[in-house]
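Results of the structural survey
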Amino acid sequence: MQSFTLIFLVFLFASTVVQIWLSLRQKQAVQSHRSAVPAAFVDKVSLAEHQKAADYTLAKGRFGRLQIILGVLVLLAWTLGGGLDWLDQAWRSLGWGALWTGTAVILSMTLISSLIDLPSSLYSTFVLEERFGFNKTTFKTFLVDLLKGSALGLVIGVPLILFVLWLMESAGSAWWLYAWAGLTIFSLVMTWAYPKFIAPLFNKFQPLEEGEVASRIHALLERTGFNSQGVFVMDGSRRSAHGNAYFTGFGKNKRIVFFDTLLKHLTPSQIEAVLAHELGHFKRKHIVKGMVLSVLMTLIGFGVLAWLMREPWFYSSLGISEPSTYMALILFMIVSPVFTFFISPILARLSRKHEFEADEFAAQQSSATELIAALVGLYRENASTLTPDPLHSAFYDSHPPAAIRIAHLQKQT
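Residues numbered from 1 in each chain as written. Predicted model: local features only at pLDDT ≥ 70, side-chain atom pairs only at ≥ 80, totals over all residues. Heavy atoms only, no water.

This paragraph deals with the pattern of salt bridges. Applying the stated criterion to the full structure yields 14 salt bridges. Taking the shortest distance from any N to any O, the salt bridge between Asp 88 and Arg 92 comes out at 3.0 Å. Of this pair, Asp 88 and Arg 92 are both found in helix 3 (residues 83–92), 4 residues apart, which corresponds to roughly one turn of the helix. Residue Glu 322 is joined to Arg 92 by a salt bridge in which the shortest nitrogen-to-oxygen separation is 3.3 Å. Taken together, the residues Glu 322 in the loop between helix 11 (312–316) and helix 12 (325–340) and Arg 92 in helix 3 connect sequence positions 230 residues apart. Each of Glu 212, Arg 216, Arg 223 and Glu 272 takes part in salt bridges that share partners, so that together they form one network. (Salt bridge = Lys/Arg side-chain N within 4 Å of Asp/Glu carboxyl O. Helix = DSSP H or I, 4+ residues; strand = E, 2+ residues; numbered from the N terminus.)

As structure tokens, then:
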């Protein structure tokens, strides 16, 4: 066994054990608090609602642990099990050039992976979400979404794959800088285009109707100096009972989007507070900081890939008999998460810091009390656990735990 094979297996084993351990810690934390609503929420959340959130979290945890094991088995099958090498040899036998062979390997691997993931997606939507009353998706909608997503992936993905592989083959030792620049431009174009051209393929977006909510929102936007293409309501209830709100796009193509499910459950003043929180992300430049971090991480990733693709041991250690640029790209994409898993707490902590800052902005521009009420309403309607395990939360949660977040906001009142 080559040394890198051993390193890969050690990291894979360690990350898998830690993920399952964290999941079991979460299970213990939620189960141990299931019988009583936390004191901070006792007058806001009923015992039945609290127990539903606990049961929902536990059910997702059980399913998540199975997915972790499945993911490990699939990864091993692709690499040391010889799956990728077999797929590569099958396409090489057709005698195509490296560019089209590589594209065919990537697309066929993506298709097989999607078919492997399909039962999990069906179970999550039509069993797990259905059991707790969240699923609103019909099988027809699920199938249409799947077909639309696949077609869109081909239209956008194939040219992108060809572009990157062409650079890897033809642009010399600096290919990774060109690829990084091209991917960065592509990401910016997609961020700009998504709200106007892509999102409407899957959901309907209607301008927010005039009324108290619209008046509050327009006043908030005016006093914070935020310009956008408009405030829209998305028909999220077609697929799920979960509620949310988000910003999308950038530049002159920015949009504010509310799920229709969120508007049904919150009062106008609470909706204003939620929007003030989202504006806080914009005003505190969290979106720009996130994009810069993503660009830098992509640059580092391409640099590491440029080094690895020149090393024969990188291929042979992961079950590949014939080195190629496209196989280096595939291996890097599927193996790198094993090694980057342990930086998750750093990224999650940064995200939680941004959430606190956005909450502070909302408290200044709207009302901390109303934001607290809105958050509690969202926790209740989305069946979010109020008692997560702190270590599990540190690894996975982009938002602060409910009790800590509410306590922080109460200091702003």
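Residues separated by three or four positions in an α-helix point in the same direction, a consequence of the helix having 3.6 residues per turn. Listing the buried residues of helix 3 in full gives Gly 83, Leu 84, Asp 85, Leu 87 and Asp 88. Considering only its buried residues, helix 3 is in contact with helix 2 (47–78), helix 4 (98–131) and helix 12. (Buried < 20%, exposed > 50% of the residue type's maximum accessible area, 1.4 Å probe, protein only. Contact = heavy atoms within 4.5 Å.)

Counting 45 residues, the largest nonpolar core has Ile 217, Phe 258 and Leu 275 as its most contacted members. Looking at this core, the elements with two or more residues in it are helix 7 (212–224), strand 2 (231–234), strand 3 (245–248), strand 4 (255–259), helix 9 (268–283), helix 13 (344–365), helix 14 (368–381) and helix 16 (402–410). In terms of residues, this core owes the most to one element, helix 14, which gives 8 residues. When sequence neighbours within four positions are dropped, the list of residues in contact with Ile 217 reads Leu 208, Val 231, Phe 258, Ile 271 and Leu 275. (Core = buried A, V, L, I, M, F, W, Y, C linked by side-chain atoms within 4.5 Å.)

Per the counting criterion, the structure on display carries 18 aromatic pairs. Centroid distance Phe 314 to Tyr 315: 5.8 Å. Interplanar angle 65°. Geometry classified as edge-to-face. Judged by its relative accessible area of 2%, Tyr 315 falls in the buried class. Judged by centre distance (6.4 Å) and plane angle (50°), the rings of Phe 395 and Tyr 396 are tilted. Among the residues examined, Tyr 396 registers a relative accessible area of 37% and is labelled partly exposed. Aromatic rings pair up to connect Phe 4, Phe 11, Trp 307, Trp 313, Phe 314, Tyr 315 and Phe 339 into one cluster. Sitting over the face of the ring of Phe 134, Lys 52 holds its NZ or CZ atom 4.7 Å from the ring centroid. (Phe/Tyr/Trp six-rings, centres within 6.5 Å; stacked < 30°, edge-to-face > 60°. Lys NZ or Arg CZ within 6 Å of the ring centre and 35° of its normal.)

Taken together, 4 strands build an open sheet; the order of strands is 1-2-4-3 and the sheet is mixed. Every other strand in the sheet has two partners, leaving strand 1 (205–207) and strand 3 as the edge strands with one partner each. Between one strand axis and the next, the sheet turns through 30° on average, direction left out of account. Across the sheet, helix 9 touches strand 3 and strand 4, and the angle it forms with strand 3 is around 35°. (Pairing = 2+ DSSP bridges. Axes fitted to C-alpha atoms, helices over the stretch in contact; angles between N-to-C directions.)

The phi dihedral of Lys 285 is positive, around 60°, even though this residue is not glycine. Relative to the helices and strands, Lys 285 is located in the loop between helix 9 and helix 10 (286–308). According to the relative accessible area criterion, Lys 285 is exposed, its value standing at 52%.

A word on the packing of helix 13 against helix 16. Two elements in contact, helix 13 and helix 16, have axes whose closest approach is 10 Å; the angle formed by their N-to-C orientations is 35°. By crossing handedness, the relation of helix 13 to helix 16 is classed as right-handed. Taking contact as the criterion, the partners of Glu 355, Phe 356, Asp 359 and Glu 360 in helix 13 are, on helix 16, Ile 404, Arg 405, His 408 and Leu 409. Here the residues of the contact of helix 13 with helix 16 sort into 3 nonpolar, 1 polar and 4 charged. (Left-handed = near helix turned anticlockwise from the far one by under 90°. Nonpolar A, V, L, I, M, F, W, Y, C, P; charged D, E, K, R; others polar.)

In this fold, Leu 409 is placed in helix 16. Of the residues examined, Leu 409 reaches a relative accessible area of 0% and is grouped as buried. Here the alpha-carbon distance between Leu 409 and Ala 328, two residues 81 residues apart in the chain, equals 48 Å. Setting aside residues no more than four positions away along its own chain, Leu 409 makes contact with Asp 359, Ala 368, Leu 371, Ile 372 and Leu 375.

Nothing here speaks to function; it is all geometry.
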